[in-house]
Amino acid sequence: RMEIMEYMLTIIDKPRADLSPTAPRITVLQIPAEKVKIVIGKWGETIDKIIAETGVKIDFEDDGTCMITSKDAAMVARTIQIIKSLTDEPKVGEIYEWEISRLESYGFFAKFMNGKQGLVGSRSLPQGTDMGTFRIGQAVKVRLNKIDDMGRFELVLVG
């Protein structure tokens with residue numbers, strides 16, 4: 001037995017720093033228990049879309065523990081990104097990738113995956129930016145500049 005162990009140590013002397021990208025893995029994510037229903041969605045539509053897009057398996061515990069199982073590390077990361085975008089509350093000063101939902105003469109509205117919407121006013125756009133370059137459905141990076149008393153989001157285009 002010791003001879004086998006010594007031989008094994010000549011091949012690999014310490015564990016690898018990370019798993020192989022194709023090794024099966026379970027990633028645990030904790031979300032507020034009351035937000036599990038947001039991830040699942042009406043009739044399971046939201047979770048079905050996530051699974052269809054990423055190919056992962058998602059299980060929830062009653063306390064909000066979310067277990068994501070997959071062999072593809074990139075898809076696990078994408079799943080975590082989707083779930084966080086659905087459950088996290090936007091914070092002032094943070095940068096997010098939101099999707100343009102409506103174009104107006106005074107700017108455009110961008111929406112977050114959980115249905116929250118904010119305005120990027122034309123005055124906050126970089127000088128020389130043409131509103132014609134934007135289209136509905138386009139992903140844009142924005143910084144949450146302010147949340148007013150009525151809960152509306154004021155966004156600023158970044159990058």
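**Describing the pattern of salt bridges**
Per the counting criterion, the structure on display carries six salt bridges. A salt bridge links Glu89 to Lys116, with the shortest nitrogen-to-oxygen separation between them at 3.7 Å. Taken together, the positions of Glu89 in the loop between α4 (73-87) and β4 (95-104) and Lys116 in the loop between β5 (107-111) and β6 (117-121) put the pair 27 residues apart, joining distant regions of the chain. We classify Glu89 as partly exposed; its relative accessible area is 40%. With its nearest N and O atoms 2.9 Å apart, the salt bridge here joins Glu104 to Arg102. Accessibility expressed as a relative area gives 29% for Glu104, which makes it partly exposed.

**A short note on the pairing of β5**
In terms of burial, β5 is largely enclosed, as four of its five residues are buried. Looking at chain direction, β4 and β5 are connected through five bridges and run antiparallel. In the strand pairing of β5, Leu103 is matched with Phe108. Counting the residues that bridge the hairpin from β4 to β5 gives two residues. In the sheet, β5 pairs with β6 via five bridges, with the strands oriented antiparallel. Bridge pairing links Phe108 to Val120 in β6.

About the cut-offs
- Along each chain, numbering runs from 1 in the same order as the chain's sequence is written.
- Whole-chain, interface and lining totals are the exception, using all residues; otherwise, since this is a predicted model, local features are given only for residues with pLDDT of at least 70 and side-chain atom pairs are given and counted only at 80 or more.
- Values shown for side chains rest on all heavy atoms present in the structure; no hydrogens or waters enter the calculation.
- Salt bridge criterion: a side-chain nitrogen from Lys or Arg within 4 Å of a carboxyl oxygen from Asp or Glu.
- Strands are runs of DSSP state E lasting at least two residues, helices are runs of H or I lasting at least four, and both sets are numbered from the N terminus onward.
- Buried, partly exposed and exposed residues are distinguished by accessible area as a fraction of the type maximum, computed with a 1.4 Å probe on protein chains only: under 20%, between the cut-offs, and over 50%, respectively.
- When DSSP locates at least two bridges between a pair of strands, those strands are taken to pair.

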